[in-house]
Amino acid sequence: MDAAFWHQRWADNQIGFHQSTPTPLMVKYWPSLEVPAGARVFVPLCGKSLDLAWFASQGYRVLGIELSRTAVEQFFAEHGLMPEIEESRYGSHYRAGPIEIIVGDAFGLDTEALRDCAAVFDRAAIIALPPELRVRYADELYGRLPAGCRGLLVTLEYPQDERAGPPFSVSEDEVHAKFDREWNVERIERRPIPADHPGFIGGVSRLDTAVYTLRRR
C-alpha cells in the first residue's frame with residue numbers, strides 16, 4: 001500500500017475503481033449540501049474521476065490531489081483539455097479552467113493549500129487506505145479543511161476477513177469514531193450492492209455502500 005503500489009496499478013491499467021459515469025450517489029445527494037456555485041470542492045485521491053468534470057459542469061471550482069501523474073494526464077487528455085503546469089512545494093499543479101489537480105502526496109497538503117475549500121467529496125479515498133493510514137487521513141487531511149466545510153463521504157461495507165483490500169470495508173462506527181470530534185456526521189443512505197452489479201467486488205458474501213454528509217464545526 002505504498003506509492004509504488006498505486007503507480008503500478010495505473011501503469012498496468014488495473015483501475016477497477018474508476019467509474020465510467022459520475023458517481024450516482026453524489027449526483028443524488030450533492031444538492032442537499034447547498035454548496036454555492038463558484039465554491040471550491042476538494043476531491044482527495046481523485047484519479048481521473050469523471051466526478052471532477054461533473055463538479056465543474058455544475059459551476060464549481062475543483063481541487064484534486066492524486067499520486068499518479070499518469071492518471072492526471074489521462075484525465076485532461078480524455079476531456080480534451082490542455083492544462084497549464086506549475087510546480088510548488090505541494091507537487092505539480094495541472095490547471096485547465098475551473099479544474100486543478102495536484103500530482104503529489106495528499107498528506108503534504110497543509111491548511112494553506114486547503115483554506116478556500118468549501119466542500120469535500122470522498123468516494124474512493126478513505127476506502128483505498130488500510131486502517132493505520134485511515135487514522136492519519138482523517139486526522140491530518142480532513143483536519144486541515146476549514147471550519148464550515150461540508151461534504152459527502154461514500155464508503156463500502158463487507159466482512160473484512162473475507163478479502164484483503166483495497167477497497168477496504170469502512171463501517172459506520174469507524175466513520176463516527178474518526179470524524180465525530182470535529183465534524184457533524186449523518187448517514188443518509190445505506191444500500192446493498194447486488195452480486196451482478198459491475199461495482200460488486202469478488203470474494204465477499206455481501207457488499208453495502210453507505211453515504212454520509214459531513215459538516216465541519
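Cut-offs and rules
- Residues numbered from 1 in each chain as written.
- Predicted model: local features only at pLDDT ≥ 70, side-chain atom pairs only at ≥ 80, totals over all residues.
- Heavy atoms only, no water.
- Buried < 20%, exposed > 50% of the residue type's maximum accessible area, 1.4 Å probe, protein only.
- Helix = DSSP H or I, 4+ residues; strand = E, 2+ residues; numbered from the N terminus.
- Arc of directions from axis to C-beta.
- Contact = heavy atoms within 4.5 Å.
- Salt bridge = Lys/Arg side-chain N within 4 Å of Asp/Glu carboxyl O.
- Axes fitted to C-alpha atoms, helices over the stretch in contact; angles between N-to-C directions.
- Parallel < 35°, antiparallel > 145°, perpendicular 65-115°, else oblique.
- Nonpolar A, V, L, I, M, F, W, Y, C, P; charged D, E, K, R; others polar.
- 1 Å grid on protein atoms, 1.4 Å probe; cavity = no way out; pocket = protein on both sides within 12 Å on 5 of 7 lines; lining within 4 Å.
- Points joined across faces, edges and corners; volume = space filled by probe spheres on them.
- Polar contact = N/O pair within 3.5 Å; in protein donor to acceptor, adjacent residues only side chain to side chain.

### Examining helix α6 (residues 131-141)
A turn of α-helix holds 3.6 residues, and therefore any two residues three or four places apart point the same way.
No. 1: Residues R134, Y137, A138 and L141 constitute the buried set of α6. The buried residues of α6 occupy an angular sector of 110° when the element is viewed end-on, so they sit on one face.
No. 2: Where the residues of α6 are buried, they touch β1 (40-44), α5 (111-114), β6 (117-122) and α7 (172-179).

### What about the pattern of salt bridges?
No. 1: Per the counting criterion, the structure on display carries 20 salt bridges.
No. 2: Here R181 and D139 are joined by a salt bridge, their closest N and O atoms 3.7 Å apart. In this pair, R181 is assigned in the loop between α7 and β8 (183-192) and D139 in helix α6, connecting sequence segments 42 residues apart.
No. 3: Accessibility expressed as a relative area gives 58% for R181, which makes it exposed.
No. 4: Owing to a relative accessible area of 40%, D139 belongs among the partly exposed residues under this scheme.
No. 5: K178 is the partner of E174 in a salt bridge, and the nearest nitrogen-oxygen pair spans 3.0 Å. Of this pair, E174 and K178 both sit in helix α7, four residues apart, which is roughly one turn of that helix. Across the pair, K178 and E174 agree in class, each one buried.

### Details of the packing of α6 against α7
No. 1: It is the contact of α6 with α7, at a shortest axis distance of 9 Å, that shows an interaxial angle of 45°. Regarding the angle of α6 to α7, the classification is oblique. Contact with α6, carried on its side by R134, V135 and A138, involves E174, K178 and F179 of α7 and no other residues of that element.
No. 2: Tallied by class, the residues present in the contact of α6 with α7 amount to three nonpolar, no polar and three charged.

### Examining empty space enclosed by the protein
No. 1: Following the criterion strictly, the structure yields one cavity of 30 Å³ or more and no others.
No. 2: Quantified by volume, the largest cavity comes out at close to 50 Å³.
No. 3: Lining the largest cavity are A138, D139, Y142, G143, K178, F179, R181, E182 and W183.
No. 4: Among the residues forming the lining of the largest cavity, the class breakdown is four nonpolar, one polar and four charged.

### What to know about helix α4 (residues 69-78)
No. 1: All of the buried residues in α4 are A71, V72, F75 and F76. Each buried residue of α4 lies within a common arc of 125° when the element is viewed along its axis, so the set occupies one face.
No. 2: Put simply, S68 is the residue that caps the front of α4, since its side-chain oxygen is 3.3 Å from the backbone nitrogen of T70.
No. 3: Remark: G80 follows α4 within two positions and exhibits a positive phi of approximately 65°.

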